[in-house]
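A closer look at the structure
Chain by chain, the residues:
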Amino acid sequence: MADVQNEPWTVLRLLDWTKGYFQRAAVESPRLCAEILLAHSLGCKRMELYTRHDYSPKEEQLADFRQNVKKAADGQPVAYLVGQKEFYSLTFRVSPAVLIPRPETELLVDQAVAHLRNLSGPTTCWDICTGSGCVAAAVAKHAPNAKVLATDISPRAVEIAGENIESLGLAGRVTCAVADLLHLPEGWAGGEFFDAITANPPYVADDDEVGKGVEYEPAGALRAGPEGLNVIKPLIAAAPDRLKPGGIFCLEFGQSQADAVRDLIVEIGAFEEPTILKDQQAIERAAVTRKR
Ligand code: GLN
């Protein structure tokens, strides 16, 4: 970050310089990443950068920013550097123990919320492989009639999910627990059959390459055997036994898994023909199906 113009580093100059630096380093969304990192180092909201564009950060703030800019240019995910990520307009704490919430996963929330809000009276939803708890929290937030069970096989993930549920004020309606697949944990008092099940399980095939920065994310949340179906298969098999008749199962899957997932759902025989949903990039990304 050479100060060629010998001018003070204002917020505006820092953002412009960092955007160019990130572009050259092929960081995705360079301007946005620069803003997120600078707001973090200044301890302000991203939007507040615009009212402070003439501000010259203190030396410690600059040092902190520089360090993070370097790490981000090296490929470290910005969400881990600042310890948080937005999902469904809510802020989630994240650490390398959990997958970083992705916009395509919002599809699961849309489906579950629409279904639960259509039912009268109290409802239940089980978010399995919850990670940071982002799907569970967003469902609870937007379906006020729902009690939500959020489980993950990773105790470190469940700890973070619990913190997120607590800080979003949803602890009264969301229960977080360690559980393997669809084994009902102790301490859940919402019954054994659910109105909805949501799942963003690991689904990347062992030999598939992952995108830039994804290698910093937990392998247990990403990798699932030679075809990436080692978690999806048992989930599809177990889901009907945990759903009420008419209950829905919303499952995220990977690029090119749509046909396999559709076949697995149809073969089980307990579900209606699934609908395959595309994400914002028009990639087939999730299946939603109803228990007969
Ligand atoms: N969508 C993620 C990726 O490809 C994978 C998420 C997952 O396995 N659940 O990076």
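Before reading on, note that the structure itself is shown above.
Bear in mind the structure is a predicted one, so any value in this text is a computation, not a measurement. Think of each chain on its own: its residues are numbered from 1, step by step along the sequence as written. Per-residue local features of the predicted model are confined to residues with pLDDT of at least 70, and side-chain atom pairs are confined, for both listing and counting, to 80 or more; whole-chain, interface and lining totals are unaffected and use all residues. The basis for every side-chain value is the complete set of heavy atoms in the structure, and neither hydrogens nor water enter the calculation.

**Describing the overall build of the protein**
Helix and strand assignments come from DSSP, with helices taken as H or I runs of at least 4 residues and strands as E runs of at least 2, each series counted from the N terminus. Scanning the protein from terminus to terminus reveals nine helices and nine strands. Over its C-alpha trace the protein gives a radius of gyration of 21 Å, about what one expects of a compact globule, namely 19 Å for 292 residues. Seen along its three principal axes, the alpha-carbon backbone of the protein occupies a region of about 70 × 40 × 30 Å. For the exposure calls, accessible area comes from a 1.4 Å probe over protein chains only, and a residue counts as buried if that area is under 20% of its type's maximum, exposed if over 50%, partly exposed in between. The buried share of the protein, taken over its 292 residues, is 51%. Whether two residues touch is decided by their heavy atoms; if any such pair falls within 4.5 Å, the residues are in contact. Partitioning the intrachain contacts of the protein with sequence separation of at least 6 by distance along the chain shows that 63% fall at a separation of at least 24. Exposure was quantified through the Shrake-Rupley algorithm and a 1.4 Å probe, taking into account, for residues, occlusion by the shown protein chains and nothing else. Accessible surface computed for the protein: about 13900 Å², of which carbon and sulfur atoms make up 50%. For the protein, the separation between the mean place of its 30 positive charges and that of its 40 negative charges on side chains is 5 Å. The atom set for the radius of gyration is the C-alpha atoms, and the globule formula is 2.2 Å times the number of residues raised to the power 0.38. Under the convention used here, Asp and Glu are negative, Lys and Arg are positive, and both His and the chain ends fall outside the count. A charged residue contributes its charge at one atom only: NZ of Lys, CZ of Arg, CG of Asp or CD of Glu.

**Here's the deal with the site of the ligand**
Only a single heavy atom is needed: when it lies within 4 Å of a molecule or strand, its residue is near that molecule or strand. Within the structure, the ligand sits among Leu-99, Arg-102, Glu-104, Asn-200, Pro-201, Pro-202, Tyr-203, Val-204, Val-214, Ala-221 and Leu-222. For this analysis, a polar contact is any N or O atom pair within 3.5 Å, provided that within protein one partner can donate a hydrogen and the other can accept it, and provided that sequence-adjacent residues contribute only side-chain to side-chain pairs. Separating an oxygen atom of the ligand from a side-chain N or O atom of Arg-102 is a distance of 3.1 Å. Contact distances for the ligand include 2.7 Å between a nitrogen atom and a backbone N or O atom of Pro-201. With the chains in place, 87% of the 300 Å² that the ligand exposes on its own is no longer accessible.

**What to know about the nonpolar core**
The criterion is simple. A nonpolar core is a set of buried Ala, Val, Leu, Ile, Met, Phe, Trp, Tyr and Cys residues joined through side-chain atoms within 4.5 Å. Counting residues in each nonpolar core, the largest one holds 32 residues, and the members touching the most others are Ile-197, Ile-232 and Phe-249. Of all the secondary-structure elements, those providing two or more residues to this core are β3 (123-128), β6 (194-199), α8 (232-238), β7 (243-252) and α9 (258-268). If you tally residues by element for this core, the top one is α9, at four residues. Excluding anything up to four places from it in sequence, Ile-197 contacts Trp-126, Ile-128, Leu-182, Ala-239, Arg-242, Leu-243, Ile-248, Phe-249 and Cys-250. One finds Phe-87, Phe-92, Ala-136 and Val-174 within the second-largest nonpolar core, a separate group that totals 31 residues.

**Things to note about the packing of aromatic side chains**
Each pair of aromatic rings taken from Phe, Tyr and Trp, with Trp reduced to its six-membered ring, is defined by centres within 6.5 Å and is described as stacked if the planes are under 30 degrees apart, edge-to-face if over 60, and tilted in the remaining cases. Using the criterion set out here, one finds eight aromatic pairs in the structure. A connected cluster of aromatic rings, assembled from ring pairs, spans Trp-9, Trp-17, Tyr-21 and Phe-22. By definition, being over a ring means that NZ of Lys or CZ of Arg is both within 6 Å of the ring centre and within 35 degrees of the ring normal. For the cation-ring pair, Arg-52 lies above Tyr-55, with the distance from its terminal atom to the ring centre recorded as 4.7 Å.

**So, the packing of helix α5 (residues 106-118) against helix α6 (residues 134-142)**
Between N-to-C directions, angles span 0 to 180 degrees; the directions come from axes that are lines fitted to C-alpha atoms, helices contributing only their stretch in contact. Two elements in contact, α5 and α6, have axes whose closest approach is 9 Å; the angle formed by their N-to-C orientations is 35°. With respect to the hand of their crossing, α5 and α6 are arranged in right-handed fashion. Mapping the contact onto sequence places Leu-108, Val-109, Ala-112, Val-113, Leu-116 and Arg-117 in α5 and Val-135, Ala-138, Val-139 and His-142 in α6. Residues of the contact of α5 with α6, tallied by class, amount to eight nonpolar, one polar and one charged. By convention, the crossing between two helices is left-handed when the near helix turns anticlockwise from the far helix through less than a right angle, and right-handed when the turn is clockwise. Note that Gly is not counted as nonpolar here; it falls among the polar residues with everything else outside the nonpolar set of Ala, Val, Leu, Ile, Met, Phe, Trp, Tyr, Cys and Pro and the charged set of Asp, Glu, Lys and Arg.

**Looking at the environment of Asp-206**
Counting through the fold element by element, Asp-206 comes out in the loop between β6 and α8. For the pair formed by Asp-206 and Lys-58, sequence separation is 148 residues and the distance between their alpha carbons is 45 Å. The residues touching Asp-206, leaving out its near neighbours within four places in the chain, are Arg-223, Ala-224, Gly-225 and Pro-226.

**Focus: helix α7 (residues 155-167)**
To estimate how far a helix should extend, the number of its residues minus one is multiplied by 1.5 Å. Taking 1.5 Å of rise per residue, 13 residues should cover 18 Å, and α7 covers 18 Å from first to last C-alpha, within 8% of that figure. Of all the positions in α7, only Ala-157, Val-158, Ile-160, Ala-161, Asn-164 and Ile-165 are classed as buried. Buried residues in α7, looked at end-on, bunch into an arc of 165°, giving them a common side. Exposed residues pointing more than 90 degrees away from the buried face of α7 are listed as Pro-155, Arg-156, Glu-159, Glu-166 and Ser-167. Contacts made by the buried residues of α7 are with β2 (90-93), α6, β4 (146-152) and β5 (174-178). Immediately beyond the C-terminal end of α7, within one or two residues, lies Gly-169, with a positive phi of roughly 70°. Note: the arc covers the axis-to-C-beta directions of the helix.

**Re the packing of helix α1 (residues 11-24) against helix α2 (residues 30-42)**
Between α1 and α2, the shortest axis-to-axis distance is 8 Å and the interhelical angle comes to 135°. The angle between α1 and α2 falls in the class oblique. For α1 against α2, the interelement crossing comes out right-handed. Two secondary-structure elements touch here, α1 through Val-11, Leu-14, Leu-15, Asp-16, Thr-18, Lys-19, Phe-22 and Gln-23 and α2 through Pro-30, Arg-31, Cys-33, Ala-34, Glu-35, Leu-37, Leu-38 and Leu-42. Partitioned by chemical class, the residues of the contact of α1 with α2 number ten nonpolar, two polar and four charged. The labels follow the angle: roughly parallel below 35 degrees, roughly antiparallel above 145, roughly perpendicular from 65 to 115, and oblique for the rest.

**Observations concerning the sheet that holds β3**
Ordered in space as β5-β4-β3-β6-β7-β9-β8, the seven strands form an open sheet in which the pairing is mixed. This sheet does not close on itself; its edge strands, each paired only once, are β5 and β8 (275-278). The sheet shows a mean angle of 15° between the axes of neighbouring strands, taken without regard to direction. Only when DSSP finds a minimum of two bridges between them are two strands counted as paired. Across five bridges, the pairing between β6 and β7 is parallel. Each residue of the ladder has a partner; that of Ala-196, found in β7, is Ile-248.

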